[in-house]
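Listed here are the chains, written in short residue letters.
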Amino acid sequence: MTDHAITDRAITNRAMTDRTALPAAAAGNARPAKARAPARKAARRQARTAYALLAPALLLMAGLLILPLAAIFALALTDYQLGAQAIAFIGIDNFKALAVDPVFWQALGNTLLYAAMVVPGSIGLGLVAALLIESGTSLRSFYRAALFLPVMATLIAMAIVWEFMLHPTFGLVNAMLGVFGIAPHNWLLDKATALPVLAVIGIWQQFGFAMVLFLAGLVSIPRQLYEAAALDGVPGGWERFRLITWPLLGPVSLFILVISATRAFQVFDVVYALTKGGPSKSTEVMLYSIYTEGFEFFRTGYASALTIVFIVLILAVTLIKKTVLEKRVHYA
Amino acid sequence: MSRSIALRRRALLGSALRHVALLLIAAFALLPFVWMVVTSLKPPGEILSSVITWWPKRFYAVENYTAALSTAPLARYLLNGVIVTAAIFFLQVLIALPAAYALAKLRFKGREAVFTLVFFCILIPYHALAVPLFVMFHYMGILNSYAALILPFTISVFGIFLMRQFFMTVPDDLVDAARMDGISEFGIVWRVMLPTAIPAVTALGIFSVVAHWNDYFWPLIALVDDAYFTPSLGVVAFRNQEAGSNYGPLMAAATLIVLPLITAFLLAQRRFIEGITLSGMK
């Protein structure tokens, strides 16, 4: 019986050293010298398998991500135009040109302004919706589904619906505002209203995303905390939200803030479909500038310089998340 | 006694207020969808009226939807959308899963380095690569083709990351047992790991399909020929053709393009929300 068990284990051991490298490295020292050679061989075999399994992914990463990224930085230092025969190194001339280009500053400003409207708007509305949904039990999944619908609907198609709703003469928006005595307005052709209207569409599209993340965050707050707070005399409502819910939503909120900002910086579809950056550049945004420079005028070098600014903008937000997350938020 | 009645009344009032507020927010979220569908059912006369009507007096759905499908090759665009999103997801899984398995379960020199590289690549915003990819595809001569639409997304670094995290939770015993049964490492990826990872793969699939069905930026850059148009390009082309006057068919076209994902979403809400919020992890 015991003999049997021992032989069984010996066989298993041999099989392990043959087929896996994991125990080989871990138990290498304890093993007699003879066993090490096959173990090392198995480890080599496993490494070879790993490289083979990784090869397609690494190849595509190199060709489709790393190389193009490097190319942007290289192209930004040239005067390259797609189709042109000559290409010259011009140092940071593209960036100098950017610095004095009013359209660039307009695009950067509009992008930030758009984000400054959409981020608080969608986070605020998403939080209110999540709190309202959590505060009761009836119709939860209906509300959640309804509010999430804009997040996943094809934005460009819905942008065209919005355009129709905003039509100055027979659009739904003007008709509904008319009920309240507000005069019809050509929202997308007015310099003062075009960007705010696009921001409303942005909020409409994004707030459901913030809502589901807040819902997830709310669910993870332990019930006992509220009970304990009630015993300590914290009333319901605002005090409870201020003292417990909001601080505990800290990590989630920061997370949502970063995602919302990143998405807002990437606004393109609605601009392309509804305003083309107009009227008089009032809705010109970063991605739209990159698109027109790179793919309409084929000024590749200049578009690359713009792209680098765009990358910096996005990475800055991501890095803020990283540093703040590591420093501050350790509740959940 | 009277206190409990007062309390109950307060609870009832609170619940009513909750529904009023949520219905208002829901109205804001759903208004464009409702208006799109209602308009797609109306004859031109009712659409171009300044009086709001929430239901067509004369039902014009057949005419609008036939016009939508016959004016532009809308069916073709929808088919293109299916081909492109399916191919992208299939290739993403085919390439990401073996890589994720190697990173999670195999020991080799440079594993940390590769993982760091994956992490770094996740940070690259996808719009940022459009310029160099366009130049590259131009010289490869593959612009304006299915390949141009599919190739940039075959590598999903986020997918590798996600699947690697999932594979880390699969017990090593399962892998060892498979090895002892004589299954090759390649076989383990597909016959052992994939079946355990179905929930994660589903989430990744929803995330991927929604993102690429809805994508407008890259197809707009990569295509000129409407033979390869995806639904998102199709609906804009349709609007431009109709010069914005024929709203019934246009709204019908928009409905047809939005419909597949929304139907799928309503059928599997939880999975969809899970899949789409994945993008937040980036």
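Note that the structure is a prediction, hence the values are computed from the model and not measured.

1. Observations concerning the overall build of chain B
Across its full length, chain B holds 15 helices and 0 strands. Taking 2.2 N^0.38 as the reference for a compact globule, 282 residues should give roughly 19 Å; the C-alpha atoms of chain B span a radius of gyration of 25 Å, well beyond that estimate. Taken along the three principal axes of its C-alpha coordinates, chain B extends 75 × 70 × 35 Å. Sequence separation of at least 24 residues holds for 75% of the intrachain contacts in chain B that already meet a minimum separation of 6.

2. Quick notes on the interface of chain A and chain B
Of the residues lining the interface, 79 residues belong to chain A; the matching set on chain B comes to 81 residues. Residue composition of the side of chain A that touches chain B, by class: 63 nonpolar, 14 polar and 2 charged.

3. A word on helix H14 (residues 286-296) of chain A
Residue and element names in this part refer to chain A. Most of H14 is tucked away: 8 of the 11 residues are buried. Buried within H14 we find Met286, Leu287, Tyr288, Ser289, Ile290, Tyr291, Glu293 and Gly294. Of the residues flanking the end of H14, it is Phe298, one or two places downstream, whose phi is positive at about 55°.

4. Brief notes about the nonpolar core
Ranked by internal contacts, the top residues of the largest apolar core, which has 173 residues, are Val161 of chain A together with Ala254 of chain B. Once residues lying within four places of it in the same chain are set aside, the contact partners of Val161 of chain A are Pro32, Trp35, Met36, Met251 and Ala254 of chain B.

5. Things to note about the UniProt feature "transmembrane region" (unreviewed entry) in chain B
Residue and element names in this part refer to chain B. The UniProt feature table records "transmembrane region" (unreviewed entry) at residues 20-38, 77-101, 113-140, 146-167, 188-210 and 250-268. Secondary structure within residues 20-38 divides into 100% helix and 0% strand; the distance between the first and last C-alpha atoms comes to 24 Å. Each end of residues 250-268 is marked by a C-alpha atom, and these two atoms are 28 Å apart; helix forms 95% of the span and strand 0%.

6. Some thoughts on the domain arrangement of chain B
All names here are of chain B. What the domain assignment lists for chain B is domain 1 (2-67) and domain 2 (72-281). Across the boundary between the two partners, domain 1 contributes 12 residues, which contact 7 residues of domain 2. When residues of the side of domain 1 that touches domain 2 are traced back to their parent elements, those giving at least two are helix H1 (2-40), helix H2 (44-47) and helix H3 (61-71). At 4 residues, the largest contribution of residues to the side of domain 1 that touches domain 2 is made by H1. Its residues assigned to classes, the side of domain 1 that touches domain 2 shows 8 nonpolar, 3 polar and 1 charged.

7. Points about the UniProt feature "transmembrane region" (unreviewed entry) in chain A
Residues and elements named next belong to chain A. When the UniProt feature table is mapped to this numbering, "transmembrane region" (unreviewed entry) covers residues 50-76, 112-133, 145-162, 194-222, 243-265 and 301-320. Measuring from the first to the last C-alpha atom of residues 50-76 gives 37 Å, for a span that is 96% helix and 0% strand. Secondary structure content for residues 301-320 is 100% helix and 0% strand, and the end C-alpha separation is 29 Å.

8. Focus on the packing of helix H9 (residues 194-219) of chain A against helix H12 (residues 250-265) of chain A
Packed helices, taken two at a time, are described by their axes: the angle between them and the distance between them. Residues and elements named next belong to chain A. Between H9 and H12, the least distance of the axes is 10 Å, while the angle of their chain directions is 160°. The orientation of H9 relative to H12 falls into the category roughly antiparallel. The handedness of the crossing between H9 and H12 is right-handed. Counting all contacts with H9, which are made through Gly202, Gln206, Ala210, Leu213, Phe214 and Gly217, the residues of H12 involved are Val252, Phe255, Ile256, Ser260, Arg263 and Ala264. The residue inventory of the contact of H9 with H12, partitioned by class, reads 7 nonpolar, 4 polar and 1 charged.

9. Thoughts on unusual backbone geometry
Residues and elements named next belong to chain A. Notably, Leu139 is not glycine yet its phi reads approximately 60°, a positive angle. As for its position among the elements, Leu139 is in the loop between helix H5 (102-134) and helix H6 (140-152). The phi angle at Ser280 is positive, at roughly 40°, despite the residue not being glycine. Examined against the element boundaries, Ser280 turns out to sit in the loop between helix H13 (269-275) and H14. Ser280 gets classed as exposed once you count the C-beta atoms within 10 Å, which come to 10.

Reading the values: rules and limits
Residues numbered from 1 in each chain as written. Chains lettered and ligands numbered in written order. Predicted model: local features only at pLDDT ≥ 70, side-chain atom pairs only at ≥ 80, totals over all residues. Helix = DSSP H or I, 4+ residues; strand = E, 2+ residues; numbered from the N terminus. Rg over C-alpha atoms; globule rule 2.2 N^0.38 Å. Contact = placed C-beta atoms within 7 Å. Nonpolar A, V, L, I, M, F, W, Y, C, P; charged D, E, K, R; others polar. Buried ≥ 20, exposed ≤ 12 C-beta atoms within 10 Å, placed from the backbone. Core = buried A, V, L, I, M, F, W, Y, C linked by C-beta atoms within 7 Å. UniProt positions renumbered as here; feature names shortened; annotations may be inferred. Domains from an automatic or database assignment. Axes fitted to C-alpha atoms, helices over the stretch in contact; angles between N-to-C directions. Parallel < 35°, antiparallel > 145°, perpendicular 65-115°, else oblique. Left-handed = near helix turned anticlockwise from the far one by under 90°.

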